[in-house]
Amino acid sequence: MEFALGAGSLRIADGMDENSIETGAAPPEYVRHRPVRRASAAAPHAVRFLRRPHGRRPKYCRPDTTSAYPTWGEPVTTTRLSARAAIASVTDTGSFTELPAPRGESPADGPLAWAGYDDSRARAAERTGEHESVVTGSARIGGREAVLISFEFGFLGGSLGQRTGDRLEAAYEHARARRLPLVSLIATGGSRMQEGMLALTQLQRVARQSVLTRAAGLPQLAVLRDPTTGGGWATLGAGADVVLALPGAQVGFAGSRVRPADADPAAYTAEGQYAAGHVDAVVPAAQLPGTLAHWLRVLAAPRSGGPVEPPAALAGVRPPATGWDAVRQARDPGRPHAEAYLDAYFELRLHLSGDRAGGTDPGMLCGFGLREGRAVAYAAQCGTATSPAGYRTAARVVRLADRLGIPVLTLVDTPGAANDAAAEHAGAGAAIADTFAALAAATVPVTTLLIGEGGSGGALALAAPGNTWVTPDSYFSVIAPELAAAILKRPPSAAPATADQLRIRPQDLVALGVARGIVGPENTA
């Protein structure tokens, strides 16, 4: 049902009442007023809310390409789907089978004997047709089976209580028993106030189930609907392997009622979380079914029995005659870079973004793709100095691929790690160390192709020991020849001769045993 805004009115949002306000569950800028028309036939369970045009700024916005975060435009309308409508919007028609609700008895008015709690639950059930804040079951997405968890925000703000925890635990167990991926469609304000600490401890149950599912080698995907706050974000959301968000969704640990008054509202949006490296992609609702289907297709694809072959060389050049020629070829701005290699190598690839620690690096492309129908993970440098966030993102993807049993391809191309003060403050050394460790610990095969500059340890961190290949227009050096000459107290004019001494050409790397071979346009590796 759609609700219009009454001038100056401010009432509790549909699905909430005075006994169900909890952290982040009822943003005060949502209002409920008289119904003006029923939801459309296409989305019979949709509930539409309008933002009030005064007071706090709306979190939905028009993009401003001049700033890192979107700017605030005119208030816009958003549609909040019910749990079942959200399931229907992404699954194959008629494929959903609901899991039976675990049996359990609660004392009158819940574990805290909270006056009016039973009445609040009864009203929520009457409004939504649900008996708890989550609906769980299995369905097909793009023809592939998955376990789904969908939150019903209309039931006490999608809050987590003991019965919610029972259902979530059963869904995870079902996914492990049948070796299925788990997809969470999240819309929650957090823990349920009327159950106190017993509600909060459900987060520990969810975390435990997530860990067990991770250890079983099964992928977990999260879709952040509006809102995704509190413990729901800190467990099902941020703890997932792949995190997708709907545009404009409110996303953050702190709900709107508990944030500092001067907090930047952009930080609590899907777009803000994406910019900070906590969300992999912001996906429009119309594209969400296809995006989820692609992810399930890739993650369910067969794995190769050994290392994947390196990509073929894209530049029609011969191996360089001198070390300095190698440097000049690798630094040629017109040579092919990572994106061209990835596009030529994969028939489908899906990008993962962010280090989950507050940073992103556009110079590090990471994700998963299909190569001749088989799943391959990738981490690729784009020719720029790699930031700590870039290394952490690469390490994250390598570890995820290792857990899922998916082989890895890395493309090396960097003049070196970022070495400015900001990089040091962000933990450059620790991030590079972690990348070395991720590759060293990987039990899946890793293949590396050097496609341009191989600048010192910042490049070597992504190179597979014993399975590194090189293109004819690349070089690998302990340090850039100009810097090596400076360290040796030679004049700048000595850089070309120093390059020869360092033996950095592709053919030198093969002779030294650093690389297995030089790939050609028709790779036969």
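Scoring rules and cut-offs
Residues numbered from 1 in each chain as written. Predicted model: local features only at pLDDT ≥ 70, side-chain atom pairs only at ≥ 80, totals over all residues. Heavy atoms only, no water. Patch = residues over 30% accessible without salt bridge, like charges linked within 9 Å, V, L, I, M, F, W, Y side chains within 5 Å. Areas by Shrake-Rupley, 256 points an atom, 1.4 Å probe, with all protein chains shown as cover. Salt bridge = Lys/Arg side-chain N within 4 Å of Asp/Glu carboxyl O. Helix = DSSP H or I, 4+ residues; strand = E, 2+ residues; numbered from the N terminus. Phe/Tyr/Trp six-rings, centres within 6.5 Å; stacked < 30°, edge-to-face > 60°. Buried < 20%, exposed > 50% of the residue type's maximum accessible area, 1.4 Å probe, protein only. Core = buried A, V, L, I, M, F, W, Y, C linked by side-chain atoms within 4.5 Å. Contact = heavy atoms within 4.5 Å. Pairing = 2+ DSSP bridges. Right-handed = clockwise from strand over helix to strand, strands pointing away. pLDDT = per-residue confidence, 0-100. Axes fitted to C-alpha atoms, helices over the stretch in contact; angles between N-to-C directions. Parallel < 35°, antiparallel > 145°, perpendicular 65-115°, else oblique. Left-handed = near helix turned anticlockwise from the far one by under 90°. Nonpolar A, V, L, I, M, F, W, Y, C, P; charged D, E, K, R; others polar. Polar contact = N/O pair within 3.5 Å; in protein donor to acceptor, adjacent residues only side chain to side chain.

K.L.:
So what about a nonpolar patch on the surface? Which residues, and what values?
P.N.:
Together, Leu-112, Trp-114 and Met-193 give the surface a local cluster of nonpolar side chains, amounting to about 260 Å² of exposed area. Looking at the secondary structure, you find Met-193 in the loop between strand 8 (182-188) and helix 4 (196-200).

K.L.:
Lay out the packing of aromatic side chains with the relevant residues and their values.
P.N.:
Applying the stated criterion across every chain, the model contains three aromatic pairs. Between Tyr-345 and Phe-346, the ring centres sit 5.1 Å apart and the planes meet at 80°, which makes this aromatic pair edge-to-face. By the burial criterion, Tyr-345 is buried, and Phe-346 matches it. Aromatic side chains Phe-346 and Tyr-378 sit 5.4 Å apart centroid to centroid with 45° between the ring planes, which places their arrangement in the tilted category.

K.L.:
Tell me about the nonpolar core, residues and numbers included.
P.N.:
Among the nonpolar cores identified, the biggest contains 62 residues, and Leu-148, Leu-292, Trp-295 and Phe-368 are the most heavily contacted of them. The greatest single-element share of this core, amounting to eight residues, is contributed by helix 11 (residues 388-404). Filtering out sequence-adjacent residues up to four positions away, Leu-292 remains in contact with Val-90, Ile-141, Val-183, Leu-221, Val-223 and Leu-244. Counting residues in each nonpolar core, the second largest holds 28 residues, with Val-147, Phe-153, Leu-168 and Leu-180 among its members.

K.L.:
Describe unusual backbone geometry, with residues and values.
P.N.:
Omega for the bond connecting Asp-226 with Pro-227 falls within 30 degrees of zero, at -5°, which places this linkage in the cis form. Phi is positive for Ala-113, which is not a glycine, with a value near 50°. Positionally, Ala-113 belongs in the loop between strand 5 (97-98) and helix 2 (117-128). Residue class for Ala-113 comes out exposed when judged on its relative accessible area of 54%. Unlike most non-glycine residues, Leu-156 shows phi in positive territory, near 55°.

K.L.:
Give me the lowdown on the pairing of strand 16 (residues 408-414), citing residues and values where you can.
P.N.:
Side-chain direction in a regular strand flips from residue to residue, so the side chains alternate between the two faces of the sheet. Burial of strand 16 is extensive: seven of the seven residues sit out of reach of the surface. Alternating residues of strand 16 divide into Val-408, Thr-410, Val-412 and Thr-414 and Leu-409, Leu-411 and Asp-413, and every residue in both groups is buried. Here strand 15 (residues 374-381) pairs with strand 16 via four bridges, running parallel. Across the sheet, the residue bridging to Ala-377 is Val-408, located in strand 16. In terms of handedness, the path from strand 15 via helix 11 over to strand 16 forms a crossover that is right-handed.

K.L.:
Which residues make up the confidence of the model for the protein chain, and what values do they have?
P.N.:
Caution applies to low-pLDDT regions: their predicted coordinates should not be interpreted in detail. Here the protein chain shows a mean pLDDT of 87. Residues at 70 or above account for 84%. Within the model, pLDDT remains below 50 along residues 1-78, and this stretch shows 185 contacts once partners closer than five positions in the same chain are excluded.

K.L.:
Talk me through the packing of helix 11 against helix 13 (residues 428-441); I want residue IDs and the actual numbers.
P.N.:
Remark: helix 11 packs on helix 13, axes separated minimally by 8 Å, with the N-to-C direction vectors making an angle of 20°. In this view, helix 11 runs roughly parallel relative to helix 13, as classed from their interaxial angle. Between helix 11 and helix 13 the crossing geometry is left-handed. Packed against helix 11, whose contacting residues are Pro-388, Tyr-391, Arg-392, Ala-395, Val-398, Arg-399 and Asp-402, the element helix 13 presents Ala-428, Ala-431, Ile-432, Asp-434, Thr-435, Ala-437, Ala-438, Leu-439 and Ala-441 at the interface. Grouping the amino acids of the contact of helix 11 with helix 13 by side-chain chemistry returns eleven nonpolar, one polar and four charged.

K.L.:
How would you explain the environment of Ala-433 if you had to name every residue and give the values?
P.N.:
Summarising the element assignment, Ala-433 is placed in helix 13. Assessed through its relative accessible area of 45%, Ala-433 is described here as partly exposed. In this structure, the C-alpha to C-alpha distance between Ala-433 and Ala-461, residues 28 residues apart in sequence, is 7.7 Å.

K.L.:
Can you explain the side chain of Thr-435? Please cite residues and give values.
P.N.:
On the secondary structure map, Thr-435 appears in helix 13. Here Tyr-391 takes part through its backbone oxygen, which lies 3.1 Å from a polar atom of the side chain of Thr-435.

K.L.:
Could you give an account of the pairing of strand 6 (residues 134-141), with specific residues and numbers?
P.N.:
Burial runs high along strand 6: seven of the eight residues are buried. Where strand 5 and strand 6 come together, two bridges link them in antiparallel fashion. Residue pairing across strands places Glu-98 opposite Gly-137, the latter belonging to strand 6. The sheet contact formed by strand 6 and strand 7 (residues 144-151) spans eight bridges and is antiparallel. Looking at the pairing, Ile-141 lines up with Arg-144 of strand 7. Between the antiparallel neighbours strand 6 and strand 7 lie two residues, among them Gly-142 with a positive phi of about 60°.

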